[in-house]
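The residues making up each chain are set out below.
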Amino acid sequence: MTTKFEMSTLRELSFFLGLQVLQKPDGILINQSNYIRDLLKCFHMNTSSVAKTPMASGTLIGADPKGKLVDHKTYRAIIGSLLYLTASRPDIMFATCFCARFQANPKESHMMAVVGPLCCEESETTIFIMLSRLTQLISFVFT
């Protein structure tokens, strides 16, 4: 980057707005695993079980008029955090936007559904976005 742009920093960029940046000769890797760990701690979900997918197939969630209300501020905070996370994790976009529809009147069933995309993040696999210098392609790297 320093060959194309004038930079005033004394070292390589490693963190930027919650994104971990790893610069290699063949490209740049972007990851948000520290942000995910902080979210899980913030919402007291660091002991939750890991979900294999952001949302189970066939999940039926509706308005749930008889359900028990949950704190809408916490629900909206989780949704907002997940929306920021979709910058590097497009695989959780559908589940996040699906859960975002219930922000006006969230119930316990909606809170259980929004936990899926968040707990799906803390898996054994770390996902990076690779911006390749050689092929000019953006790809996902699983480690």
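Residues numbered from 1 in each chain as written. Predicted model: local features only at pLDDT ≥ 70, side-chain atom pairs only at ≥ 80, totals over all residues. Heavy atoms only, no water.

Caption draft 1: Layout of helix α3 (residues 93-100). Listing the buried residues of α3 in full gives Ala95, Thr96, Phe98, Cys99 and Ala100. Each element contacted by the buried residues of α3 is listed here: α2 (72-85) and α4 (108-120). (Buried < 20%, exposed > 50% of the residue type's maximum accessible area, 1.4 Å probe, protein only. Helix = DSSP H or I, 4+ residues; strand = E, 2+ residues; numbered from the N terminus. Contact = heavy atoms within 4.5 Å.)

Caption draft 2: Layout of the environment of Gly80. Structurally, the position occupied by Gly80 is in helix α2. Distance from Gly80 to Thr96, taken between C-alpha atoms, is 9.2 Å for residues 16 residues apart in sequence.

Caption draft 3: Here's a closer look at the pattern of salt bridges. Applying the stated criterion across every chain yields a total of one salt bridge. The partner of Arg89 in a salt bridge is Asp91, with the nearest N and O atoms 2.8 Å apart. Its relative accessible area of 40% is what places Asp91 among the partly exposed residues. (Salt bridge = Lys/Arg side-chain N within 4 Å of Asp/Glu carboxyl O.)

Caption draft 4: Structural detail: the packing of aromatic side chains. If you walk through the whole model with that rule in mind, you get three aromatic pairs. Look at Tyr35 and Tyr84: their rings are 5.2 Å apart centre to centre, the planes differ by 70 degrees, and that puts the pair in the edge-to-face class. Residue Tyr35 is located in helix α1 (residues 33-42), and its partner Tyr84 is located in helix α2; the two are separated by 49 residues in the primary sequence. We classify Tyr84 as partly exposed; its relative accessible area is 33%. Here the aromatic rings of Phe98 and Phe102 are separated by 5.9 Å at their centres, their planes lie at 75 degrees, and the arrangement is edge-to-face. Residue classification places Phe98 among the buried residues on the basis of a relative accessible area of 14%. For Phe102, a relative accessible area of 12% puts it in the buried group. Among the aromatic side chains, those forming a connected cluster through ring pairs are Phe94, Phe98 and Phe102. (Phe/Tyr/Trp six-rings, centres within 6.5 Å; stacked < 30°, edge-to-face > 60°.)

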